[in-house]
Amino acid sequence: MRSAPTILHLDMDAFYASAEQAAKPSLRGKAVVVGGLGPRGVVATASYEARRFGVHSAMPTAQARRLAPHAAYLTPRFTLYRDVSNQVMGLLRELSPLVEPLSLDEAFVDLEAGGAAFDSGSAREVGERLRADIRRVTGLSGSVGLAVSKMLAKIGSERAKPDGLVLIEPGTERELLAPLPVRVLPGVGPATGDHLRRAGITTVDEIAEAGQDELVRLLGRAHGTGLYAMALALDERPVVSEREGKSVSVEDTYDLDIHDRVRVRGEVARLAERCTKRLREAGRSGRTVVLKVRRYDFSTLTRSETLRGPTDDPAVVREAAARLLEGVDTTGGVRLLGVGVSGLADYTQEDLFAQAAGERAAAEAAAGAGEQAPEGPAAETVGPVAPAVPEERRWPAGHDVFHAVHGPGWVQGSGVGRVTVRFETPTSAPGRVRTFRTDDPELSLSAPLPLVEEDSGSGEG
C-alpha cells in the first residue's frame, strides 16, 4: 500500500435531488424526493431536507409520502444528471488519467498517477480545489475522502457528507476502523452482516480479533481472507480507469399486475428494443439474452439464451426474449419484467437469421395494425373508418416544458386533463404557477436547461 493519502473518492451530495433543487429555485431549501411516483415506485434520492423526516433511497415512495407528505415528488431526469455527471468526470480527468467511475455521481481518482498530489498537504489542497471547481461548474456540492486505499477513501467521503472533506492520515486507519460496524467494509452486505452478527461479530475490531482462520471457517477462504485483510486496513485494489461492463439491461415495475399474456409479450418486445438501443449507444454487442420476470407472489424467475455470436440487432434480441417468455408461466400476473444482454463484446457477428427475424417482426406489426397487402389495383374500404383517437400527452412531474407565451418551466403535476406548470429557470427567481389543458398546443416538453450560466467571456483584456 502507498504511504500518502493520494487516492480520492468523490461522492456528489444527494445528487438527483440536489440537481433538481438547483434547477428549480422554488424548491431550494425544501424537501425533494426523486424516484418512481406510482404505487410501486421507489425513492432514488432524497434531499437532506427530506431525510430529516426519515426518507431515504430504496424506500417505497408510498412510505416516503406518509413520512413527508409536503415534499416535492419528482420523476428522474437522467438527461440532466448525465450532463452534470459528464462535467464532474471531466474535472476529475484533469487531475489524473486514472479515474474509476462507480456511477453518475461517484468515482475514485488516483492523484499520484496524475502527479497532482504526493503527500497529505498537496492531497488536501487538490481535494478542496476540486470541490470548489465542482460548485463553480455545476452549482452542486460534492464530498471528498482522501486516504491510502480505495476502501478508506470511500469511508472518508461518507464521513465528510454533506459538502465536506475528510483526509485519513496514514497510520490512523486501524484506530478509525475499529469501532465501525462490519457493514462499512466492502463485500459485507445484509446476508454476510447477519451471518457475522450471529457469530457475535458486529464491529470491524471484532473481525480483526476473530482472526483469519475463524473468518475462513465462517465465510469461506476467499471471502474470509479478504475481509480479514480489510479489517486490518489492508486494501491493495488499484484505481482502474475503465470498468468493463458485464451486461446491459432494462426493466420496468408495473403499478398493477399484468395478467394479459398479449400485453406481457408486448412489454417484453418493448424492453428488448430499449435494451438494444442502450447496447448500440455504448458501442457494444452481446451473446446472451436474459429475461427477468417477477410474478404476483414476488417470486422472480430468470431465463437466458446464449446466441451463436454477439449481436446488437433488435430483432434478434426481441425474438430470443420472446422464446424465453414462452417457458414462463405468467397466469397469476406479472409485476416486473426485464430484458438484458450479457457476454458483451466490442464487435457484432452478423446473424444470418437477423434479417428474417426483422421481416417476421415487421409482418406481425403490420398484421397487428390491421394492414394487408392490396390484392387488386386499389384496396377497397368497407364501412366507415373511425377517426384516430390521439393518445393523451404525458407530463411527468418535474420535467421541463416550454410554453410559447410564458417560456420555460417545469411540471408540478397533472391529472384530469390538466397540467400545472411553474415558470422559472435555474438562474431566475421563484416563478409563477399556471394551469393548462394537457392538449394545449402551445405547451411542449423540452430539454433541461444548464444549472449554471456559461461564462460569456473574460471581459476587457
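An account of the accompanying structure is given in this report. Position numbers for residues start from 1 in each chain and track the written sequence from start to end. Confidence filtering applies because this is a predicted model: local features only for residues at pLDDT of at least 70, side-chain atom pairs given and counted only at 80 or more, and all residues used for totals across whole chains, interfaces and linings. Based on all heavy atoms of the structure, the side-chain values leave hydrogens and waters out of the count.

## A word on the sheet that holds strand β4 (residues 72-74)
The rule for pairing is simple: two strands pair if DSSP sees at least two bridges between them. Comment: elements are numbered from the N terminus, with helices defined as DSSP H or I runs of at least four residues and strands as E runs of at least two. Strand order across the open sheet formed by 3 strands is β3-β2-β4, with mixed pairing between neighbours. The open sheet has two edge strands, β3 (43-46) and β4, and neither has a second partner. The mean inter-strand angle of the sheet, taken between neighbouring strand axes irrespective of direction, is 25 degrees. Bridge count for strand β2 (residues 32-35) against β3 is 3 bridges, and the pairing is antiparallel. Along β3, the bridge assignment pairs Gly35 with Val43. Only heavy atoms enter the contact rule, under which two residues are in contact if any of them lie within 4.5 Å. Geometry is summarised by axes, namely lines fitted to C-alpha atoms with helices restricted to the contacting stretch, and by angles between N-to-C directions that run from 0 to 180 degrees. Packed onto the sheet, helix α1 (residues 15-23) meets β2, β3 and β4 and runs at close to 120 degrees relative to β2.

## A look at the pattern of salt bridges
The working definition used for a salt bridge is a side-chain nitrogen of Lys or Arg within 4 Å of a carboxyl oxygen of Asp or Glu. Within the structure shown, the criterion is met by 28 salt bridges. Linking Arg197 and Asp194 is a salt bridge whose minimum nitrogen-to-oxygen distance equals 3.7 Å. With Arg197 and Asp194 both in helix α8 (residues 190-198) and 3 residues apart, the pair spans about one turn of that helix. A relative accessible area of 47% means that Arg197 is categorised as partly exposed. Given a relative accessible area of 35%, Asp194 falls into the partly exposed group. Here Asp235 makes a salt bridge to Arg237, at a shortest N to O gap of 2.9 Å. Taken together, the salt bridges that share partners define one network made up of Asp252, Arg263, Glu267, Arg270 and Arg274. Partly exposed describes any residue whose relative accessible area lies between the buried limit of under 20% and the exposed limit of over 50%, with all areas from a 1.4 Å probe on protein chains only and scaled to the type maximum.

## As for unusual backbone geometry
Omega for the bond connecting Lys161 with Pro162 falls within 30 degrees of zero, at -10 degrees, which places this linkage in the cis form. Positive phi is not limited to glycine here, since Ala58 has a value of about 75 degrees. With respect to the element layout, Ala58 can be found in the loop between α2 (48-51) and α3 (61-67). A positive phi angle, close to 45 degrees, is found at Val416, a residue other than glycine. On the secondary structure map, Val416 appears in the loop between β14 (407-415) and β15 (418-423).

## Regarding the environment of Val99
With respect to the element layout, Val99 can be found in strand β5 (residues 99-103). In sequence terms Val99 and Gly114 are 15 residues apart; their C-alpha atoms lie 9.9 Å from each other. Not counting chain neighbours up to four residues away, the residues in contact with Val99 comprise Leu92, Arg93, Ala107, Phe108, Val109, Val239, Val240 and Ser241.

## Considering the packing of aromatic side chains
Note on aromatic pairs: the rings of Phe, Tyr and Trp (six-membered ring only in Trp) are paired at centre separations within 6.5 Å, and the planes decide the class, stacked below 30 degrees, edge-to-face beyond 60, tilted for the rest. Throughout the structure, instances matching the rule amount to 6 aromatic pairs. Considering the side-chain rings of Phe15 and Tyr81, the 6.1 Å spacing of their centres and the 55 degrees angle between planes classify their relative orientation as tilted. Of this pair, Phe15 sits in helix α1 while Tyr81 sits in helix α4 (residues 78-93), and the two are 66 residues apart along the sequence. Each member of the pair, Phe15 as well as Tyr81, carries the same accessibility label: buried. With centroids separated by 5.6 Å and ring planes inclined at 90 degrees, the aromatic side chains of Tyr16 and Phe78 adopt a geometry described as edge-to-face. Of this pair, Tyr16 sits in helix α1 while Phe78 is found in helix α4, placing the two residues 62 residues apart along the sequence. Taken together, Phe15, Tyr16, Phe78 and Tyr81 form an aromatic cluster joined through their ring pairs.

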